[in-house]
Amino acid sequence: MSHLLRTSRLFAWLFLTGLSVAVITVSGFYLYLRPGLPPVEQLLDIKLQTPLRVLSKDNRLIAEFGEKRRTPITIEQIPTLQLQAFMAAEDSRFYEHFGIDIKGLARAAVQLVSTGEIQSGGSTITMQVAKNYFLSRDRTFIRKFREILLALQIERELPKDRILELYLNKIYLGNRAYGLAAAADVYYDKPVNELSLAQMAMLAGLPKAPSAYNPLANPDRAMARRNWILSRMRDLGYITDDAYGLAITAPITASYHGIDPEVDADYVAEMARAEMVRRFGDNAYSDGYTVTLTVDSEKQKAATRALRDGLEAYDHRHGFRGPIGHLDTDTLAAEDPENLILNYPMVADQRPAITLSVNDKAGQATLYARGLGTVVMPFDTMTWARRYKTEDLKGPAPGKPSDVLAPGDVVYVHQQPAATPAEGDIDVAGQGQIQTVALGQIPQVEGALISLDAHTGAIQALSGGYSFSQSKYNRAIQAKRQPGSNFKPFLYLKGLVDGKTAATIYNDAPIVFDDDKLETSWRPENSSGQFYGPTRLREALYTSRNIVSIRLLRDLGISNVLDFLKQLKIPTDNMPNNLSLALGSGLLAPMDMARGIAVIANGGFDVQPYLIDEIRDARGELVYQAPETILCDQACEKDLADEAPGGIEATPGPAIAAEGSDDVTMATADNASKTIDRTHPEPRLMHRLADKRAVYILHSMMKDVIRKGTGRRALVLDRSDLAGKTGTTNDQRDTWFSGFNYQLATTVWVGFDQPTPLGRGEYGASTALPAWIDYMRIALKDTPVSDMPRPNGIVNVRIDPETGLRARPGEDGIFELFREEDAPPPLAPESENQQNGASDDGASRQLF
């Protein structure tokens, strides 16, 4: 008995000693690690790495930037069954333990011994929160001990629901999806509240091993994991036997759903991305900012489509350059076309396709198109494909499909609406419908379209080229090109400001200049090669007479015109200091041109283009708001000065892009640092840059460009408020159309990146104007006619169109607009007129 007592005492002392050592060891570790543990309050301040989202003005997704896909969600937004699925998989006693689950650790140990693997993890959800937010992935005892201590600390300071919410927003669930909401979108393209029970269980199985249990990469293992979770949910009483029976038999429905922008606006998205990085550095990609742009989604879609259609139309006019590749018969026989076609990228909405067979008798070819499978191309979609030889020369028109395609040819195609096969057609789908495609071709020509709100400068739509994936060069803001006759409205506006009138007559006759600023004698001519004699300025503008423009520039003075361009804030760094300036031989970016046209459109006020309307942080709080724009003349300045002593200073908007640089600076007029606190900045005052009466008369003259001049194609829009100007440079290297009504100003440029001729017969009216029309048809749909209000000091005078002077009673005449002080003088009596004559030195010089 005494031996048993001594043995018991020995074991008791050993136990107490071991326990004391354990307590001392644990206490030592705690005292050692406690100072280095982060405070739990940091959890509430931690910014989840959420990507940058770019939205249109009407909240359509344009783009998302960032390595991690994450959409933060509150626990109230998550269905109870989804919460229970995660607890069944990871921590069924989550609401019962204090951060460490002794029973769970024991169960994990038993599973490891009995099955060789742990199905329900030993770590609690709280421990995983501690690990995911604060600790490294190192598998060391010290890290595990820190994890346990942090879990205990988190449980003391945060409610259970908050801990679970943090967990479900942080966990990685494969395929770049971080957090539950992102995973529901990636795998099922659904919000979390629309998932089925089987889908909930599938997502709950991912935290343990996002790759091994991934339904896309390992469907069998994912299915087994899902079914085990469903059985756990049943055993825990979360679901009924019937619900379990239905869910266990459900097939795997997961598939990858990438970011699916609602608006095709890659050039705009890149401009916004670059500006956000300029403001916030690399944090822009992960701090969850949402940027709302000024771009309207419908206008942007129309701009993208209109420019692409215009470039493709030009490309088709100049012929088919042949297939982009060819596969021999052995390769076609040995390889799956689905794999072969992956070597060719999709560009814009054109798909690469391999020609499988050509049937001249049926008048069609059969192809394998990327993303579509086997398709049919009818011959009537190939008739444009005369072989390209030069920009001015094409081969004969094709008469049958084999004149265009041969088996093995790889070409680009446009998807056409599916149709019911006619007799003799091949039903490639096998379901009573046939997928047809049209022959396409990636244009080599490029272009740009910019549309501005004429009164605020807000960018309504912008496209910087045919396809951003093909070329990231944004021609809208980076290309410097000659505007040609698109420049003339600025010259004519200077003339009107300086006292010339729409009725002023210049002689459209041959002229030779021996200018010491030009290398050789210069003999300018009109695009038609003809001369038309005495011509009123109105007619000279709408028919785009070059000689008249040169004579006008000579009268106004080159330096005076350059000073006027600076007054309009049009860049003059690349403008020539000679008479070729009249023909638009300087260099301007399409954005510069659009801005200048917007100044004319709004009646002569300054315009500063801007793209960003507002920025919000991950919490939805406003970080930046674009300031209100006020068009301000002298009366406006006086009123503001009376309301606020000292007045409000006009905010100079920065340039849209630095020349020769890919960095973009948006004209958001905030002049803010990376930490922005001016969420409600003072208004931007846009001052008057040109006399409103002169601008009003110029509106009238530019409307005639569309009514009866080089822009007559725009009459198809059936609107009376449109005005514009075409532009074409020497050898048709650059072609333009800029047009507007009182609210909206839009510029289109078309040309090759390396300036080369577009070909005979290609002018602004045939290349740029069709794209402008297609865009404005959508942009102005259901909008009322908007004309510039007629200012005071404008008079209508009946004139003789041959002389520009007042018409006498009984003579043929037309009405013309004048500023009061510039109107032709009243007619003198006929006898006095005969004695004194009607000509003067000024008129003589204009004529000769």
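Residues numbered from 1 in each chain as written. Predicted model: local features only at pLDDT ≥ 70, side-chain atom pairs only at ≥ 80, totals over all residues. Heavy atoms only, no water.

**Student:** How would you explain the overall build of the protein chain if you had to name every residue and give the values?
**Tutor:** A count of helices and strands for the protein chain gives 26 helices and 24 strands. Residue burial in the protein chain is summarised as follows: out of 848 residues, 53% are buried. Considering only intrachain contacts with a sequence separation of at least 6, the fraction spanning at least 24 residues in the protein chain is 70%. For the protein chain, the exposed surface amounts to about 38,400 Å²; the carbon and sulfur share of it is 50%. (Helix = DSSP H or I, 4+ residues; strand = E, 2+ residues; numbered from the N terminus. Buried < 20%, exposed > 50% of the residue type's maximum accessible area, 1.4 Å probe, protein only. Contact = heavy atoms within 4.5 Å. Areas by Shrake-Rupley, 256 points an atom, 1.4 Å probe, with all protein chains shown as cover.)

**Student:** Go over the pairing of strand β10 (residues 409-415) with me, naming the residues and quoting the values.
**Tutor:** The element β10 is extensively covered by neighbouring structure, given that six of its seven residues are classed as buried. With two bridges joining them, strand β4 (residues 325-326) and β10 adopt antiparallel strand pairing. Along β10, the bridge assignment pairs His326 with Asp409. Across four bridges, strand β5 (residues 351-359) lies against β10 in antiparallel orientation. By the bridge assignment for β10, Ala353 is matched with Val411. The pairing of β10 with strand β11 (residues 437-439) spans three bridges and is antiparallel. Residue pairing in the sheet places His414 in a bridge with Ala438 of β11. (Pairing = 2+ DSSP bridges.)

**Student:** Tell me what's going on with the packing of aromatic side chains, and back it up with residues and numbers.
**Tutor:** Inspection of the entire model under this criterion finds nine aromatic pairs. Consider the rings of Phe280 and Tyr289, whose centres lie 4.3 Å apart with planes at 20 degrees: the pair is stacked. The same class applies to Phe280 as to Tyr289, namely buried. Considering the side-chain rings of Phe320 and Trp384, the 5.9 Å spacing of their centres and the 85 degrees angle between planes classify their relative orientation as edge-to-face. Highlighted residues: Phe320 in the loop between α13 (297-317) and β4 and Trp384 in the loop between β7 (373-378) and β8 (388-390), separated in sequence by 64 residues. Residue Phe320 is classed as buried on the basis of its relative accessible area, which comes to 2%. Under the relative-accessibility criterion, Trp384 is labelled buried at 15%. Over the aromatic face of Phe605 sits the side chain of Arg688, whose NZ or CZ is 4.1 Å from the ring centroid. (Phe/Tyr/Trp six-rings, centres within 6.5 Å; stacked < 30°, edge-to-face > 60°. Lys NZ or Arg CZ within 6 Å of the ring centre and 35° of its normal.)

**Student:** Kindly report on helix α19 (residues 546-556), identifying the contributing residues and their values.
**Tutor:** Given 3.6 residues to a turn, an α-helix orients residues that are three or four positions apart in the same direction. In terms of burial, α19 is a largely internal element, nine of the eleven residues being buried. Looking at α19, one finds that the buried residues are Asn546, Ile547, Val548, Ser549, Ile550, Arg551, Leu552, Leu553 and Leu556. Count one or two residues on from α19 and you reach Gly557, which has phi positive near 95 degrees.

**Student:** For a negative patch on the surface, give the residues involved together with the corresponding values.
**Tutor:** On the surface, a cluster of negative charge is made up of Asp58, Asp189, Asp260 and Glu262. Structurally, the position occupied by Asp189 is in the loop between α8 (180-188) and α9 (197-204). Owing to a relative accessible area of 48%, Asp189 belongs among the partly exposed residues under this scheme. (Patch = residues over 30% accessible without salt bridge, like charges linked within 9 Å, V, L, I, M, F, W, Y side chains within 5 Å. Salt bridge = Lys/Arg side-chain N within 4 Å of Asp/Glu carboxyl O. Lys, Arg positive; Asp, Glu negative; His and termini not counted. Charge placed at Lys NZ, Arg CZ, Asp CG, Glu CD.)

**Student:** Before we move on, can you summarise the sheet that holds strand β17 (residues 622-625) with the specific residues and values?
**Tutor:** Across the sheet, five strands lie side by side as β2-β1-β3-β16-β17; this open sheet has mixed pairing. With one partner strand each, in any of the chains shown, β2 (61-65) and β17 form the two edges of the open sheet. For this sheet the average axis-to-axis angle between neighbouring strands, irrespective of direction, equals 15 degrees. Across four bridges, the pairing between strand β3 (residues 290-293) and strand β16 (residues 612-616) is antiparallel. Bridging across to β16, Val291 finds its partner in Ile615. Here helix α12 (residues 266-280) sits on the sheet and contacts β1 (52-55), β2, β3, β16 and β17; the angle it forms with β16, its principal contact strand, is near 55 degrees. (Axes fitted to C-alpha atoms, helices over the stretch in contact; angles between N-to-C directions.)

**Student:** Please provide a residue-by-residue account of the nonpolar core, values included.
**Tutor:** For soluble globular proteins, nonpolar side chains are generally found buried alongside one another. Judged by nonpolar contacts, the single largest core of 95 residues is most densely connected at Leu293 and Tyr492. It is helix α21 (residues 590-601) that provides the largest number of residues to this core, a total of eight residues. Listed in part, the 51 residues of the second largest apolar core include Val192, Met200, Leu203 and Trp228. (Core = buried A, V, L, I, M, F, W, Y, C linked by side-chain atoms within 4.5 Å.)

**Student:** Residue-level account of the sheet that holds strand β13 (residues 459-463), with values.
**Tutor:** As summarised here, the arrangement of the five strands in space is β13-β12-β22-β21-β20, forming an open sheet in which the pairing is antiparallel. Among the strands making up the open sheet, the edge pair consists of β13 and β20 (723-728). When strand polarity is set aside, the average angle formed by the axes of neighbouring strands in this sheet is 5 degrees. In this sheet, strand β22 (residues 744-751) lies alongside strand β21 (residues 734-740) in antiparallel orientation, the contact comprising seven bridges. Residue pairing in the sheet places Trp736 in a bridge with Trp749 of β22. In this fold α13 packs onto β12 (446-453), β13 and β22, with an angle of close to 30 degrees to the strand it touches most, β13. Taken strand by strand, α21 contacts β12, β13, β21 and β22, and its axis lies near 150 degrees from that of β22.

**Student:** Describe the side chain of Lys494, and please don't skip the residues or the numbers.
**Tutor:** Position of Lys494 relative to the elements: it lies in helix α17 (residues 488-497). Judged by relative accessible area, which is 11%, Lys494 ranks as buried. Among residues more than four places away in sequence, those in contact with Lys494 are Leu556, Asn560, Val561 and Phe564.

**Student:** Could you give me a rundown of the environment of Ala594, with the residues and numbers involved?
**Tutor:** Its place among the elements puts Ala594 in helix α21. Taking C-alpha positions, Ala594 is 9.4 Å from Ala454, a pair spaced 140 residues apart along the chain. Setting aside residues up to four positions removed in sequence, Ala594 forms contacts with Ile450, Leu452, Ala745 and Thr747.

**Student:** Any details on the environment of Thr572? Residues and values, ideally.
**Tutor:** Along the polypeptide, Thr572 turns up in the loop between α20 (558-567) and α21. In sequence terms Thr572 and Leu562 are ten residues apart; their C-alpha atoms lie 6.9 Å from each other. The residues touching Thr572, leaving out its near neighbours within four places in the chain, are Leu562, Leu565 and Lys566.

**Student:** Explain α17 to me, using residue names and the numbers behind them.
**Tutor:** The buried fraction of α17 is high, at nine of ten residues. For α17, the complete set of buried residues consists of Lys488, Pro489, Phe490, Leu491, Tyr492, Leu493, Lys494, Gly495 and Leu496.

**Student:** Pulling in residues and values, what's your account of the packing of α8 against α9?
**Tutor:** Remark: α8 packs on α9, axes separated minimally by 11 Å, with the N-to-C direction vectors making an angle of 115 degrees. Once α8 is placed against α9, the crossing between them reads as right-handed. Within the contact between the two elements, α8 uses Leu180, Ala183, Ala184, Tyr187 and Tyr188 and α9 uses Gln199, Met202 and Leu203. For the contact of α8 with α9, a count of residues per class yields seven nonpolar, one polar and no charged. (Left-handed = near helix turned anticlockwise from the far one by under 90°. Nonpolar A, V, L, I, M, F, W, Y, C, P; charged D, E, K, R; others polar.)

**Student:** An account of the environment of Glu539 is needed here, citing residue identities and associated values.
**Tutor:** Its place among the elements puts Glu539 in helix α18 (residues 537-542). Once the C-alpha coordinates of Glu539 and Ala502 are considered, the two residues, 37 residues apart in sequence, prove to be 8.3 Å apart.

**Student:** Can you lay out the pattern of salt bridges for me, pointing to particular residues and giving the numbers?
**Tutor:** A complete count under the given rule lists 40 salt bridges for this structure. Across the pair Arg545 and Asp508 runs a salt bridge whose closest N-O atoms are separated by 3.6 Å. Residue Arg545 is located in the loop between α18 and α19, and its partner Asp508 is located in strand β14 (residues 505-508); the two are separated by 37 residues in the primary sequence. Taking the relative accessible area as the measure of exposure, Arg545 reaches 7% and is therefore buried. Look at Asp508 and you get buried, because its relative accessible area is 1%. Two residues, Arg819 and Asp822, come together in a salt bridge whose shortest N-O distance is 2.8 Å. Looking at Arg819, the relative accessible area reads 8%, which means it is buried. Classification of Asp822 as buried rests on a relative accessible area of 19%. Here the salt bridges do not stand alone but share partners, grouping Asp691, Arg693, Arg819, Glu821 and Asp822 into one network.

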